[in-house]
Amino acid sequence: MNAVSRAALLVLLGLLAADASITGLDGDLWWQRALGDYVLAHHALPQTLGPATFAAPDARWLPHEWVFATLWALAARADAATVFRFGCVLVAFAALTIDALRARTAAPAANTIALTLVVVGMLPSFGMRAQILAWPLLALVLLALETGPGAAWWTIGLAIVWDNLHASGLIVPALVLVYGLGRALTQRRWSIAAWAFALAAATGLASAVTPFGFGYARFAAEWSVNPATSIITEWQPISRSALLMFIGPFALFGLILVGELRGARLSWSQRFVGLALF
């Protein structure tokens, strides 16, 4: 990593820290605290929503964010909210650092612009929230796939960790599959497609290595079509009020498109993964 990239990362770290100090506590933290306290008190995970959820008490629930909730409960009991808040900053910074390493052969200016746009996309959903634990894991999954077929098998372990931290880990099989199909198309070797299907299946089974077993993926699929998702900001259609969340991704997409038109072609794997994530 060159000096320009290191300086950019330090500036971006400061930006994330400033955002954390301004936004303070996240509105979801009260129920995260309740979940964490339950885990610490009972040494088990709840199976249904509690009475605090007055609209749907006793509804079936898979508390997939239990690790984050337990850590937050421990921090709150120790009066260490500030430490926890800046720990979240370091998690986001870890994702940026891994992305910088993935792009270490890029021109310093291009790397800095890309990292800055990634932060612009991060900030609207950044905070003391469980999903930020997924950000460095996404970067590591992509790094493993890009390193080669041998390193790609590390995605199984990464999927297990990710699934135990947040349900967004269920996207790993799709990422593995589209990346592998892209490699197969580039190299015209359809044995690579078979390898991609096998690895995607293995990362899919990782969701069973959680406290929820095979019910995890089913619950996530059911939740994705639940009407309650209509009130979740990150799940909303693009609107003027949520435009800031899309500025970074759209700018990156535009730069990639310009690069393609000017001859800086991406591999098929990169195209497929980019479209899948977009």
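What you are looking at is a predicted structure, and each value in this text was computed from that prediction instead of being measured. Residue positions are given per chain, counted from 1 along the sequence in the order it is written. Under the rules for a predicted model, residues below a pLDDT of 70 receive no local features and side-chain atom pairs below 80 are neither given nor counted, while totals for whole chains, interfaces and linings still include all residues. Side-chain figures throughout are based on the complete set of non-hydrogen atoms in the structure, without hydrogens or water.

1. Some words on a nonpolar patch on the surface
We apply this condition: Residues forming no salt bridge and having over 30% relative accessible area are the ones grouped into patches, like charges within 9 Å of each other and nonpolar side chains (Val, Leu, Ile, Met, Phe, Trp, Tyr) within 5 Å. Only the protein chains shown count as cover for residues, and all accessible areas are computed by the Shrake-Rupley method using a 1.4 Å probe. Note on definitions: salt bridges are taken to be side-chain nitrogens of Lys or Arg within 4 Å of carboxyl oxygens of Asp or Glu. Note on conventions: DSSP H or I runs of at least 4 residues are helices, E runs of at least 2 residues are strands, and numbering of each starts at the N terminus.
Among the surface-exposed residues, Phe 253, Leu 257, Leu 261 and Leu 275 lie close enough to one another that they form a single nonpolar patch of about 430 Å² accessible area. The element contributing the most residues to the nonpolar patch is helix α12 (residues 243-261), with three residues. Structurally, the position occupied by Phe 253 is in helix α12.

2. Some remarks on the confidence of the model for the chain
Heads up, the condition is: Confidence scores here are pLDDT values: one per residue, from the predictor, ranging 0 to 100.
On average, residues of the chain carry a pLDDT of 81, and 78% of them reach 70 or more. Per-element averaging of pLDDT across the chain places helix α1 (residues 3-23) at the bottom with 55 and helix α8 (residues 154-165) at the top with 96.

3. Looking at the nonpolar core
Rules: Here, nonpolar core refers to any group of buried Ala, Val, Leu, Ile, Met, Phe, Trp, Tyr and Cys residues whose side-chain atoms link them within 4.5 Å. In this scheme, a residue with accessible area under 20% of its type's maximum is buried, one over 50% is exposed, and one in between is partly exposed, where area comes from a 1.4 Å probe on protein chains only. Two residues form a contact once any of their heavy atoms are found within 4.5 Å.
Counting residues in each nonpolar core, the largest one holds 44 residues, and the members touching the most others are Phe 68, Phe 84, Met 128 and Trp 135. Mapped onto this core, the elements with two or more residues apiece are α3 (66-77), α4 (81-102), α5 (108-122), α6 (134-147), α8, α9 (172-187) and α10 (191-205). Take this core: its biggest share by element is seven residues, from α4. Among residues more than four places away in sequence, those in contact with Phe 68 are Leu 29, Gln 32, Phe 84, Cys 88, Met 128, Arg 129, Ala 130 and Leu 133. Trp 61, Leu 62, Ala 167 and Phe 219 belong to the second largest nonpolar core, which has ten residues in total.

4. Notes on unusual backbone geometry
A negative phi holds for most residues other than glycine; trans holds for most peptide bonds. Phi at His 43 takes a positive value of approximately 55°, unusual for a residue other than glycine. Its location among the elements puts His 43 in the loop between α2 (29-42) and α3. Residue classification places His 43 among the exposed residues on the basis of a relative accessible area of 72%. Located in the positive-phi region is Asp 79, a residue other than glycine, with phi close to 55°. Along the chain, Asp 79 turns up in the loop between α3 and α4. Taking the relative accessible area as the measure of exposure, Asp 79 reaches 71% and is therefore exposed.

5. A closer look at the environment of Ile 160
Mapping Ile 160 onto the fold places it in helix α8. Overall, the relative accessible area of 27% leaves Ile 160 in the partly exposed class. Ile 160 sits 48 residues away from Ala 208 along the chain, and the two C-alpha atoms are 8.5 Å apart. When residues no more than four places from it in sequence are discounted, the contact partners of Ile 160 are Ala 206 and Val 209.

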